[in-house]
Amino acid sequence: MLLYFFITCFPFIFFLKSLTLKPLPPWATEMRLLSLWFWKEVPFFSISKSIKNSLSLSYFTTIPSKMSLKKISFTSKVDNFEEVEEGVMSVLDLPELVLECILEKLPPAGLCSMAGVCSSLRSRCISDHFWEKHMKKKWGRVIGPAAYREWQWHIASRKDSSHVKQGKPKGLMRILSIIRPFWWIKSKVDDSSRQSSLPDDSIMSWYLALETGRFWFPAQVYNRENGHVGFMLSCYDAELSYDPRTETFQARYPPHGRRAVAIENCVPWERLRAPPIDTSPHDLHISYCLNELRPGDNIEIQWRRNKEFPYGWWYGVVGHLESCDGNENYCRCHNSDTVVLEFNHYTPGSRWRRTSMNRKDHREEGNEADGFYGGIRKLSSEEEITTWKRLWPSEILE
(Lines give C-alpha, C1' and ligand atoms only; values in the text may rest on other atoms or scores of the structure.)
Protein backbone atom coordinates (compact mmCIF):
# COMPACT_ATOMS: atom_id res chain seq x y z
CA MET A 1 0.00 0.00 0.00
CA LEU A 2 2.84 2.37 0.90
CA LEU A 3 4.60 1.52 -2.35
CA TYR A 4 1.43 2.29 -4.34
CA PHE A 5 1.10 5.66 -2.58
CA PHE A 6 4.73 6.56 -3.37
CA ILE A 7 4.36 5.61 -7.06
CA THR A 8 1.20 7.69 -7.53
CA CYS A 9 2.43 10.77 -5.65
CA PHE A 10 5.96 10.96 -7.02
CA PRO A 11 4.94 12.18 -10.54
CA PHE A 12 2.57 14.72 -8.98
CA ILE A 13 5.39 16.19 -6.86
CA PHE A 14 7.50 16.64 -9.99
CA PHE A 15 4.53 18.30 -11.70
CA LEU A 16 4.16 20.84 -8.88
CA LYS A 17 7.89 21.51 -8.92
CA SER A 18 7.78 22.25 -12.64
CA LEU A 19 5.03 24.80 -12.10
CA THR A 20 7.17 26.80 -9.72
CA LEU A 21 9.91 27.12 -12.31
CA LYS A 22 7.73 28.85 -14.89
CA PRO A 23 8.67 32.52 -15.33
CA LEU A 24 6.17 35.11 -14.16
CA PRO A 25 5.03 37.98 -16.39
CA PRO A 26 7.09 41.18 -16.12
CA TRP A 27 4.27 42.93 -14.29
CA ALA A 28 3.70 40.12 -11.79
CA THR A 29 5.64 41.98 -9.09
CA GLU A 30 3.28 44.93 -9.32
CA MET A 31 0.29 42.60 -9.20
CA ARG A 32 1.48 41.03 -5.94
CA LEU A 33 2.14 44.44 -4.42
CA LEU A 34 -1.25 45.89 -5.28
CA SER A 35 -3.14 42.73 -4.35
CA LEU A 36 -2.51 43.44 -0.66
CA TRP A 37 -4.34 46.75 -1.01
CA PHE A 38 -7.12 45.09 -2.97
CA TRP A 39 -8.13 42.79 -0.10
CA LYS A 40 -8.36 45.81 2.22
CA GLU A 41 -10.69 47.76 -0.07
CA VAL A 42 -13.04 45.04 -1.36
CA PRO A 43 -15.35 43.15 1.05
CA PHE A 44 -14.63 39.43 1.31
CA PHE A 45 -18.25 38.48 0.68
CA SER A 46 -18.40 40.30 -2.68
CA ILE A 47 -15.15 38.67 -3.84
CA SER A 48 -16.24 35.18 -2.92
CA LYS A 49 -19.56 35.74 -4.65
CA SER A 50 -17.94 37.00 -7.87
CA ILE A 51 -15.48 34.09 -7.89
CA LYS A 52 -18.35 31.68 -7.45
CA ASN A 53 -20.29 33.24 -10.33
CA SER A 54 -17.34 33.67 -12.70
CA LEU A 55 -15.32 30.49 -12.19
CA SER A 56 -17.67 27.64 -11.41
CA LEU A 57 -16.21 24.31 -10.32
CA SER A 58 -18.46 22.64 -12.83
CA TYR A 59 -15.92 23.56 -15.51
CA PHE A 60 -13.52 20.99 -14.18
CA THR A 61 -16.13 18.28 -13.49
CA THR A 62 -17.31 18.35 -17.09
CA ILE A 63 -13.84 17.88 -18.64
CA PRO A 64 -13.46 14.34 -20.02
CA SER A 65 -11.08 12.22 -18.00
CA LYS A 66 -9.05 11.27 -21.10
CA MET A 67 -8.26 14.89 -21.96
CA SER A 68 -4.55 15.63 -21.63
CA LEU A 69 -3.49 18.34 -19.17
CA LYS A 70 -1.53 19.96 -21.99
CA LYS A 71 -4.76 20.81 -23.76
CA ILE A 72 -6.14 22.77 -20.81
CA SER A 73 -5.32 26.49 -21.00
CA PHE A 74 -5.86 28.39 -17.76
CA THR A 75 -5.37 31.71 -19.60
CA SER A 76 -8.08 31.12 -22.20
CA LYS A 77 -11.41 32.89 -22.09
CA VAL A 78 -13.89 31.56 -19.58
CA ASP A 79 -16.63 31.56 -22.18
CA ASN A 80 -14.63 29.09 -24.31
CA PHE A 81 -15.82 26.27 -22.08
CA GLU A 82 -18.85 24.72 -23.74
CA GLU A 83 -19.89 22.19 -21.15
CA VAL A 84 -21.10 24.52 -18.45
CA GLU A 85 -23.85 23.60 -16.07
CA GLU A 86 -27.11 25.11 -17.18
CA GLY A 87 -28.13 28.13 -15.11
CA VAL A 88 -24.57 29.02 -14.03
CA MET A 89 -23.55 32.51 -15.18
CA SER A 90 -20.02 33.92 -15.42
CA VAL A 91 -18.92 37.54 -15.29
CA LEU A 92 -18.27 37.51 -19.03
CA ASP A 93 -21.93 36.62 -19.67
CA LEU A 94 -22.94 40.05 -18.40
CA PRO A 95 -23.87 42.73 -20.95
CA GLU A 96 -20.86 44.72 -22.14
CA LEU A 97 -22.11 47.98 -20.58
CA VAL A 98 -22.75 46.33 -17.20
CA LEU A 99 -19.30 44.71 -17.18
CA GLU A 100 -17.68 48.03 -18.07
CA CYS A 101 -19.51 49.78 -15.20
CA ILE A 102 -18.27 47.11 -12.78
CA LEU A 103 -14.66 47.47 -13.93
CA GLU A 104 -14.86 51.27 -13.65
CA LYS A 105 -15.75 50.92 -9.96
CA LEU A 106 -12.69 48.80 -9.18
CA PRO A 107 -9.60 50.35 -7.57
CA PRO A 108 -6.21 49.86 -9.28
CA ALA A 109 -5.48 46.75 -7.20
CA GLY A 110 -8.85 45.31 -8.22
CA LEU A 111 -8.15 45.85 -11.91
CA CYS A 112 -4.80 44.13 -11.52
CA SER A 113 -6.44 41.14 -9.84
CA MET A 114 -9.15 40.90 -12.49
CA ALA A 115 -6.50 41.10 -15.22
CA GLY A 116 -5.09 37.80 -13.95
CA VAL A 117 -8.37 35.88 -14.26
CA CYS A 118 -8.46 35.27 -18.01
CA SER A 119 -7.30 36.75 -21.31
CA SER A 120 -10.66 38.37 -22.03
CA LEU A 121 -10.75 40.26 -18.73
CA ARG A 122 -7.07 41.08 -19.06
CA SER A 123 -7.59 42.84 -22.39
CA ARG A 124 -10.30 44.94 -20.76
CA CYS A 125 -8.56 45.67 -17.45
CA ILE A 126 -5.34 47.00 -19.00
CA SER A 127 -7.24 49.44 -21.20
CA ASP A 128 -6.21 53.10 -20.95
CA HIS A 129 -9.89 53.94 -20.57
CA PHE A 130 -9.95 52.60 -16.99
CA TRP A 131 -6.49 53.76 -15.95
CA GLU A 132 -6.78 57.39 -17.06
CA LYS A 133 -9.12 58.08 -14.15
CA HIS A 134 -6.82 56.46 -11.59
CA MET A 135 -3.76 58.23 -13.00
CA LYS A 136 -5.43 61.63 -12.84
CA LYS A 137 -6.90 61.05 -9.37
CA LYS A 138 -3.66 60.01 -7.66
CA TRP A 139 -0.84 61.43 -9.78
CA GLY A 140 -2.39 64.35 -11.66
CA ARG A 141 -1.29 66.92 -9.07
CA VAL A 142 2.42 66.04 -9.31
CA ILE A 143 2.75 64.89 -12.93
CA GLY A 144 3.37 67.56 -15.57
CA PRO A 145 4.62 67.79 -19.17
CA ALA A 146 8.22 67.29 -18.03
CA ALA A 147 7.35 64.00 -16.33
CA TYR A 148 5.44 62.83 -19.40
CA ARG A 149 8.43 63.58 -21.65
CA GLU A 150 10.68 61.70 -19.25
CA TRP A 151 8.36 58.67 -19.42
CA GLN A 152 8.30 58.74 -23.23
CA TRP A 153 12.08 58.87 -23.25
CA HIS A 154 12.15 55.95 -20.79
CA ILE A 155 9.90 53.88 -23.08
CA ALA A 156 12.02 54.69 -26.14
CA SER A 157 15.25 53.75 -24.35
CA ARG A 158 13.77 50.41 -23.28
CA LYS A 159 12.71 49.64 -26.83
CA ASP A 160 16.14 50.56 -28.17
CA SER A 161 17.89 48.37 -25.61
CA SER A 162 15.60 45.43 -26.44
CA HIS A 163 16.47 45.75 -30.13
CA VAL A 164 20.17 45.73 -29.31
CA LYS A 165 19.82 42.60 -27.16
CA GLN A 166 17.89 40.76 -29.89
CA GLY A 167 20.68 41.20 -32.45
CA LYS A 168 20.71 39.15 -35.64
CA PRO A 169 19.02 35.75 -36.06
CA LYS A 170 21.34 32.79 -35.69
CA GLY A 171 21.38 29.15 -36.72
CA LEU A 172 18.02 27.69 -37.62
CA MET A 173 16.28 31.04 -37.21
CA ARG A 174 18.52 32.55 -39.89
CA ILE A 175 17.73 29.70 -42.29
CA LEU A 176 14.00 29.97 -41.65
CA SER A 177 14.13 33.71 -42.15
CA ILE A 178 15.01 33.10 -45.80
CA ILE A 179 11.71 31.31 -46.30
CA ARG A 180 9.58 33.45 -43.97
CA PRO A 181 10.07 37.06 -42.87
CA PHE A 182 11.99 37.21 -39.61
CA TRP A 183 9.32 39.30 -37.91
CA TRP A 184 6.79 36.54 -38.55
CA ILE A 185 9.01 33.84 -37.07
CA LYS A 186 9.92 36.04 -34.13
CA SER A 187 6.28 36.73 -33.43
CA LYS A 188 5.49 33.04 -33.33
CA VAL A 189 8.43 32.22 -31.09
CA ASP A 190 7.68 35.04 -28.64
CA ASP A 191 3.90 34.77 -28.89
CA SER A 192 3.49 33.35 -25.38
CA SER A 193 5.78 35.92 -23.77
CA ARG A 194 4.06 38.79 -25.58
CA GLN A 195 0.66 37.66 -24.31
CA SER A 196 1.87 37.71 -20.71
CA SER A 197 3.68 41.06 -20.90
CA LEU A 198 2.24 44.52 -20.32
CA PRO A 199 2.55 47.14 -23.08
CA ASP A 200 5.20 49.70 -22.14
CA ASP A 201 3.24 52.60 -23.60
CA SER A 202 0.04 51.85 -21.66
CA ILE A 203 -1.17 54.08 -18.85
CA MET A 204 -1.36 51.02 -16.59
CA SER A 205 2.35 50.40 -17.13
CA TRP A 206 3.13 54.03 -16.26
CA TYR A 207 0.89 53.91 -13.19
CA LEU A 208 2.58 50.76 -11.87
CA ALA A 209 6.04 52.21 -12.56
CA LEU A 210 5.12 55.26 -10.47
CA GLU A 211 3.34 53.27 -7.77
CA THR A 212 6.26 50.89 -7.19
CA GLY A 213 8.92 53.63 -7.26
CA ARG A 214 10.75 52.19 -10.27
CA PHE A 215 10.32 55.39 -12.27
CA TRP A 216 11.95 58.66 -11.16
CA PHE A 217 10.02 61.66 -12.43
CA PRO A 218 10.66 65.42 -12.36
CA ALA A 219 8.50 67.61 -10.12
CA GLN A 220 8.91 70.43 -7.60
CA VAL A 221 9.27 70.33 -3.80
CA TYR A 222 8.22 73.06 -1.37
CA ASN A 223 10.66 74.00 1.43
CA ARG A 224 13.37 71.61 0.25
CA GLU A 225 15.71 69.65 2.48
CA ASN A 226 13.24 69.16 5.33
CA GLY A 227 12.40 72.84 5.52
CA HIS A 228 15.96 74.12 5.73
CA VAL A 229 15.89 77.76 6.85
CA GLY A 230 17.61 78.85 3.64
CA PHE A 231 14.75 77.46 1.53
CA MET A 232 11.66 78.56 3.44
CA LEU A 233 8.74 79.53 1.18
CA SER A 234 10.52 78.32 -1.94
CA CYS A 235 9.88 75.54 -4.45
CA TYR A 236 12.69 73.73 -6.26
CA ASP A 237 12.92 71.16 -9.04
CA ALA A 238 13.89 67.60 -8.12
CA GLU A 239 13.70 63.98 -9.27
CA LEU A 240 11.23 61.98 -7.22
CA SER A 241 10.62 58.31 -6.48
CA TYR A 242 7.57 57.03 -4.59
CA ASP A 243 7.85 54.67 -1.62
CA PRO A 244 4.56 52.72 -1.35
CA ARG A 245 5.41 51.43 2.15
CA THR A 246 5.54 54.89 3.71
CA GLU A 247 3.46 56.69 1.05
CA THR A 248 6.16 59.34 0.82
CA PHE A 249 8.84 60.26 -1.72
CA GLN A 250 12.59 60.37 -2.05
CA ALA A 251 13.85 63.58 -3.66
CA ARG A 252 17.13 64.08 -5.50
CA TYR A 253 18.09 67.72 -5.99
CA PRO A 254 20.55 68.48 -8.82
CA PRO A 255 24.04 69.68 -7.85
CA HIS A 256 24.46 73.43 -7.34
CA GLY A 257 27.85 74.67 -8.45
CA ARG A 258 30.40 72.63 -6.53
CA ARG A 259 27.76 71.16 -4.26
CA ALA A 260 26.98 67.45 -4.71
CA VAL A 261 23.52 65.99 -5.27
CA ALA A 262 21.31 66.52 -2.21
CA ILE A 263 18.94 63.71 -1.22
CA GLU A 264 15.87 64.09 0.99
CA ASN A 265 13.77 61.18 2.26
CA CYS A 266 10.17 60.91 3.46
CA VAL A 267 8.85 63.90 1.50
CA PRO A 268 5.03 63.99 1.95
CA TRP A 269 2.50 64.59 -0.81
CA GLU A 270 1.62 68.03 0.59
CA ARG A 271 5.05 69.39 -0.33
CA LEU A 272 4.93 68.35 -4.00
CA ARG A 273 3.53 69.92 -7.13
CA ALA A 274 3.88 69.65 -10.87
CA PRO A 275 5.92 72.50 -12.39
CA PRO A 276 3.39 75.30 -13.06
CA ILE A 277 5.20 76.32 -16.26
CA ASP A 278 7.14 74.23 -18.72
CA THR A 279 10.42 76.10 -18.31
CA SER A 280 13.82 74.67 -17.43
CA PRO A 281 15.08 75.69 -13.95
CA HIS A 282 18.15 77.14 -15.68
CA ASP A 283 16.16 79.39 -18.04
CA LEU A 284 14.67 82.81 -17.39
CA HIS A 285 10.88 82.79 -17.38
CA ILE A 286 9.39 85.48 -19.63
CA SER A 287 6.85 87.38 -17.54
CA TYR A 288 3.67 88.56 -19.25
CA CYS A 289 1.95 89.78 -16.09
CA LEU A 290 4.18 92.73 -15.17
CA ASN A 291 1.84 95.42 -16.50
CA GLU A 292 -1.12 94.12 -14.50
CA LEU A 293 0.60 93.72 -11.12
CA ARG A 294 -0.89 95.79 -8.29
CA PRO A 295 -0.08 96.08 -4.56
CA GLY A 296 -1.44 93.08 -2.67
CA ASP A 297 -1.12 90.61 -5.55
CA ASN A 298 0.40 87.23 -4.69
CA ILE A 299 3.37 86.28 -6.84
CA GLU A 300 6.14 83.75 -7.34
CA ILE A 301 9.53 84.91 -8.56
CA GLN A 302 12.57 83.01 -9.80
CA TRP A 303 15.68 83.37 -7.65
CA ARG A 304 19.09 81.73 -7.65
CA ARG A 305 22.18 82.18 -5.54
CA ASN A 306 24.58 82.59 -8.46
CA LYS A 307 24.80 81.89 -12.17
CA GLU A 308 25.74 78.23 -11.60
CA PHE A 309 22.62 77.51 -9.55
CA PRO A 310 19.21 76.62 -11.04
CA TYR A 311 16.25 78.86 -10.31
CA GLY A 312 13.81 78.16 -7.53
CA TRP A 313 10.35 79.76 -7.16
CA TRP A 314 9.91 82.02 -4.12
CA TYR A 315 6.64 83.32 -2.72
CA GLY A 316 6.00 87.04 -2.16
CA VAL A 317 3.49 89.85 -2.59
CA VAL A 318 3.47 93.10 -4.53
CA GLY A 319 4.12 96.04 -2.22
CA HIS A 320 3.84 99.83 -2.36
CA LEU A 321 6.50 102.29 -3.43
CA GLU A 322 8.30 104.17 -0.63
CA SER A 323 6.62 107.37 -1.79
CA CYS A 324 3.15 105.80 -1.33
CA ASP A 325 1.40 105.69 2.04
CA GLY A 326 -0.68 102.65 1.05
CA ASN A 327 -4.02 104.51 0.89
CA GLU A 328 -6.09 102.78 -1.78
CA ASN A 329 -7.83 106.01 -2.76
CA TYR A 330 -4.57 107.75 -3.64
CA CYS A 331 -2.30 104.80 -4.56
CA ARG A 332 -0.78 105.05 -8.06
CA CYS A 333 1.86 102.35 -7.68
CA HIS A 334 0.39 100.37 -10.57
CA ASN A 335 1.16 103.26 -12.93
CA SER A 336 4.86 103.28 -12.07
CA ASP A 337 7.48 101.46 -14.15
CA THR A 338 8.90 100.03 -10.92
CA VAL A 339 7.32 97.01 -9.22
CA VAL A 340 8.10 96.51 -5.52
CA LEU A 341 8.16 92.90 -4.26
CA GLU A 342 7.96 92.02 -0.57
CA PHE A 343 8.88 88.80 1.23
CA ASN A 344 7.21 89.33 4.58
CA HIS A 345 8.51 86.16 6.22
CA TYR A 346 11.79 88.09 6.72
CA THR A 347 12.19 90.71 9.41
CA PRO A 348 11.86 94.42 8.49
CA GLY A 349 15.24 95.78 7.48
CA SER A 350 16.52 92.43 6.19
CA ARG A 351 18.18 92.57 2.78
CA TRP A 352 15.83 89.75 1.71
CA ARG A 353 12.68 91.65 2.72
CA ARG A 354 12.19 93.85 -0.40
CA THR A 355 13.36 94.12 -3.98
CA SER A 356 12.16 95.94 -7.08
CA MET A 357 11.95 95.22 -10.81
CA ASN A 358 11.29 97.22 -13.97
CA ARG A 359 7.99 96.52 -15.69
CA LYS A 360 9.17 97.40 -19.19
CA ASP A 361 12.78 96.24 -19.22
CA HIS A 362 12.34 92.65 -18.05
CA ARG A 363 15.59 90.76 -17.42
CA GLU A 364 17.47 89.00 -14.67
CA GLU A 365 18.50 91.43 -11.94
CA GLY A 366 20.80 91.05 -8.95
CA ASN A 367 24.40 90.39 -7.96
CA GLU A 368 26.64 87.75 -6.37
CA ALA A 369 25.95 89.08 -2.87
CA ASP A 370 22.13 89.15 -2.95
CA GLY A 371 21.49 86.57 -5.65
CA PHE A 372 19.70 86.96 -8.97
CA TYR A 373 15.96 87.55 -9.48
CA GLY A 374 14.29 86.25 -12.63
CA GLY A 375 10.79 85.93 -14.02
CA ILE A 376 7.51 86.51 -12.14
CA ARG A 377 4.25 84.56 -12.01
CA LYS A 378 1.06 86.17 -10.75
CA LEU A 379 -0.93 83.72 -8.62
CA SER A 380 -4.63 83.61 -9.44
CA SER A 381 -5.43 80.18 -8.03
CA GLU A 382 -6.71 80.24 -4.46
CA GLU A 383 -5.33 76.73 -4.00
CA GLU A 384 -1.79 77.88 -4.80
CA ILE A 385 -2.04 80.86 -2.45
CA THR A 386 -3.43 78.66 0.36
CA THR A 387 -0.59 76.19 -0.09
CA TRP A 388 2.02 78.92 0.34
CA LYS A 389 0.33 80.33 3.43
CA ARG A 390 0.11 76.86 4.95
CA LEU A 391 3.90 76.60 4.64
CA TRP A 392 4.47 79.93 6.38
CA PRO A 393 7.30 79.61 8.95
CA SER A 394 6.41 79.69 12.63
CA GLU A 395 9.01 82.40 13.28
CA ILE A 396 10.05 85.45 11.23
CA LEU A 397 13.39 84.83 9.51
CA GLU A 398 16.38 87.13 9.90
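Residues numbered from 1 in each chain as written. Predicted model: local features only at pLDDT ≥ 70, side-chain atom pairs only at ≥ 80, totals over all residues. Heavy atoms only, no water.

- Labelled according to an unreviewed UniProt entry, the protein appears under the name F-box protein At2g32560 isoform X1, originating from Theobroma cacao.

### Here's the deal with the nonpolar core
Line of reasoning, step 1. In terms of nonpolar packing, the biggest core is built from 44 residues, with Trp-139, Phe-217 and Phe-249 touching the most fellow members.
Line of reasoning, step 2. The next biggest cluster of nonpolar side chains, apart from the first, holds 20 residues, and it includes Cys-289, Leu-293, Tyr-373 and Ile-376. (Core = buried A, V, L, I, M, F, W, Y, C linked by side-chain atoms within 4.5 Å. Buried < 20%, exposed > 50% of the residue type's maximum accessible area, 1.4 Å probe, protein only.)

### Concerning the state of the cysteines
Line of reasoning, step 1. Here the structure, examined in full by the defined rule, presents zero disulfides.
Line of reasoning, step 2. Residue Cys-324 stays outside any disulfide, its sulfur separated by 3.7 Å from that of Cys-333, the closest cysteine.
Line of reasoning, step 3. Given the relative accessible area of 17%, Cys-324 is considered buried. (Disulfide = S-S within 2.5 Å.)

### Some thoughts on the pairing of strand S7 (residues 312-319)
Line of reasoning, step 1. Counting buried residues along S7, eight of its eight residues qualify, which places the element largely inside the surrounding structure.
Line of reasoning, step 2. Here strand S2 (residues 234-243) runs beside S7; their pairing, made up of two bridges, is antiparallel. Along S7, the bridge assignment pairs Cys-235 with Trp-313.
Line of reasoning, step 3. Judged from the six bridges that link them, strand S6 (residues 298-304) and S7 form a sheet pairing that is antiparallel. Bridging from a neighbouring strand, Gln-302 pairs with Trp-313 of S7.
Line of reasoning, step 4. Of the strand pairs in this sheet, S7 and strand S8 (residues 338-342) are connected by three bridges, and their pairing is antiparallel. Paired with Val-318 across the two strands is Leu-341, which belongs to S8. (Helix = DSSP H or I, 4+ residues; strand = E, 2+ residues; numbered from the N terminus. Pairing = 2+ DSSP bridges.)

### Quick look at the packing of helix H6 (residues 108-115) against helix H8 (residues 128-139)
Line of reasoning, step 1. Two elements in contact, H6 and H8, have axes whose closest approach is 11 Å; the angle formed by their N-to-C orientations is 155°. In terms of axis orientation, H6 runs roughly antiparallel to H8. In the packing of H6 onto H8, the handedness of the crossing is left-handed. Of H8, the residues touching H6 (which contributes Pro-108, Leu-111 and Cys-112) are Phe-130, Trp-131 and His-134.
Line of reasoning, step 2. In terms of residue class, the contact of H6 with H8 is built from five nonpolar, one polar and no charged. (Axes fitted to C-alpha atoms, helices over the stretch in contact; angles between N-to-C directions. Parallel < 35°, antiparallel > 145°, perpendicular 65-115°, else oblique. Left-handed = near helix turned anticlockwise from the far one by under 90°. Contact = heavy atoms within 4.5 Å. Nonpolar A, V, L, I, M, F, W, Y, C, P; charged D, E, K, R; others polar.)

### With respect to the pattern of salt bridges
Line of reasoning, step 1. Using the criterion set out here, one finds 19 salt bridges in the structure.
Line of reasoning, step 2. The closest approach of N and O atoms between Arg-149 and Asp-278, which form a salt bridge, is 2.8 Å. Remark: Asp-278 occurs in the loop between strand S5 (272-273) and S6 and Arg-149 occurs in helix H9 (residues 145-166); sequence separation between them is 129 residues.
Line of reasoning, step 3. Between Asp-243 and Arg-245 there is a salt bridge, and its shortest N-O distance comes to 3.2 Å. (Salt bridge = Lys/Arg side-chain N within 4 Å of Asp/Glu carboxyl O.)

### Thoughts on empty space enclosed by the protein
Line of reasoning, step 1. Counting across every chain of the model gives two cavities of 30 Å³ or more.
Line of reasoning, step 2. Within this model, the largest cavity holds a volume of roughly 60 Å³.
Line of reasoning, step 3. Along its surface, the largest cavity is lined by Gln-220, Asp-237, Pro-275, Pro-276, Ile-277, Thr-279, Ser-280, Pro-281, Gln-302, Tyr-311 and Trp-313.
Line of reasoning, step 4. Among the residues making up the lining of the largest cavity, the classes are represented as six nonpolar, four polar and one charged.
Line of reasoning, step 5. Put simply, the second largest cavity is a space of about 40 Å³.
Line of reasoning, step 6. Taken together, Pro-295, Val-318, Gly-319, Leu-321, Cys-333, Thr-338, Val-339, Val-340 and Arg-359 make up the lining of the second largest cavity.
Line of reasoning, step 7. Those elements giving two or more residues to the lining of the second largest cavity turn out to be S7 and S8.
Line of reasoning, step 8. Of the residues forming the lining of the second largest cavity, the biggest block, three residues, is contributed by S8. (1 Å grid on protein atoms, 1.4 Å probe; cavity = no way out; pocket = protein on both sides within 12 Å on 5 of 7 lines; lining within 4 Å. Points joined across faces, edges and corners; volume = space filled by probe spheres on them.)

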